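Commentary on secondary and tertiary structure
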Amino acid sequence: AYARALLAEIPGITVQDKGDALSGIVTFSIDRGAPSDIVVALHKEKINLSAPGAPYGPLWFTPERPPILRMSPHSFNTKEEIDTAVAAIAKATGA
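Report follows, based on the coordinates. (Residues numbered from 1 in each chain as written. Predicted model: local features only at pLDDT ≥ 70, side-chain atom pairs only at ≥ 80, totals over all residues. Heavy atoms only, no water.)

1. Topic: the pattern of salt bridges
Summed over the entire model, instances satisfying the criterion amount to one salt bridge. Among the ionic pairs, Asp-17 bridges to Arg-4, the shortest N-O distance being 2.8 Å. One end of the pair, Asp-17, is in the loop between strand E1 (13-15) and strand E2 (26-30); the other, Arg-4, is in helix H1 (residues 2-8), with 13 residues separating them in the sequence. When its relative accessible area of 12% is taken as the criterion, Arg-4 is described as buried. (Salt bridge = Lys/Arg side-chain N within 4 Å of Asp/Glu carboxyl O. Helix = DSSP H or I, 4+ residues; strand = E, 2+ residues; numbered from the N terminus. Buried < 20%, exposed > 50% of the residue type's maximum accessible area, 1.4 Å probe, protein only.)

So, in structure tokens, the structure goes:
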């Protein structure tokens, strides 16, 4: 919930998660840049992010939807680590 709230505040990022009960996995799209470029930029900073295609995205995703990125924070990640990852995402997307 923490990562989702932070990402939702960044201009150009749209959180794509739906439903009443959400997991820790955060699925989002970006207005600028290619998701694969964002993944590469974050991997250089030792931050794991994925850009699954439509067949591997949420079940409600269709090819018409924007390409997505997925952030999967775990219970052992600190708020500071999530802050660092979100800041890196914002920087990589030019926000």
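From this point, the discussion proceeds with the structure in view.
2. Regarding the sheet that holds E2
Read from one edge of the open sheet, three strands run E1-E2-E3, paired in antiparallel fashion. Whereas interior strands pair on both sides, the edge strands pair on one side only; in this sheet they are E1 and strand E3 (69-71). Put simply, the sheet's adjacent strands are angled 35° from each other on average, direction ignored. Where E2 and E3 come together, three bridges link them in antiparallel fashion. The residue of E3 that forms the bridge with Thr-27 is Arg-70. Sheet contacts for helix H3 (residues 79-93): E1, E2 and E3; angle to E3, the most-contacted strand, approximately 165°. (Pairing = 2+ DSSP bridges. Axes fitted to C-alpha atoms, helices over the stretch in contact; angles between N-to-C directions. Contact = heavy atoms within 4.5 Å.)

3. Considerations on H3
Taking 1.5 Å of rise per residue, 15 residues should cover 21 Å, and H3 covers 21 Å from first to last C-alpha, within 8% of that figure. At its buried positions, H3 is contacted by H1, E1, E2, helix H2 (35-44) and E3. Positive phi appears at Gly-94, one or two residues downstream of H3, with a value of about 80°. (Expected span 1.5 Å × (residues − 1).)

4. Points about H2
Since the α-helix advances by 3.6 residues per turn, residues separated by three or four positions end up pointing in the same direction. Those residues of H2 that fall on the buried side of the exposure criterion are Pro-35, Ile-38, Val-39 and Leu-42. For H2, the arc enclosing every buried residue in end-on projection is 100°, short of the 170-degree limit, so these residues lie on one face. In this fold, the buried residues of H2 make contact with E2, E3 and H3. Looking one or two residues beyond H2, the residue adopting positive phi is Lys-46, at roughly 65°. (Arc of directions from axis to C-beta.)

5. Here's the deal with the packing of aromatic side chains
Tallying each qualifying case throughout the model produces zero aromatic pairs. Directly above the ring of Tyr-2 sits Lys-79, whose terminal nitrogen or CZ lies 4.9 Å from the centroid. (Phe/Tyr/Trp six-rings, centres within 6.5 Å; stacked < 30°, edge-to-face > 60°. Lys NZ or Arg CZ within 6 Å of the ring centre and 35° of its normal.)

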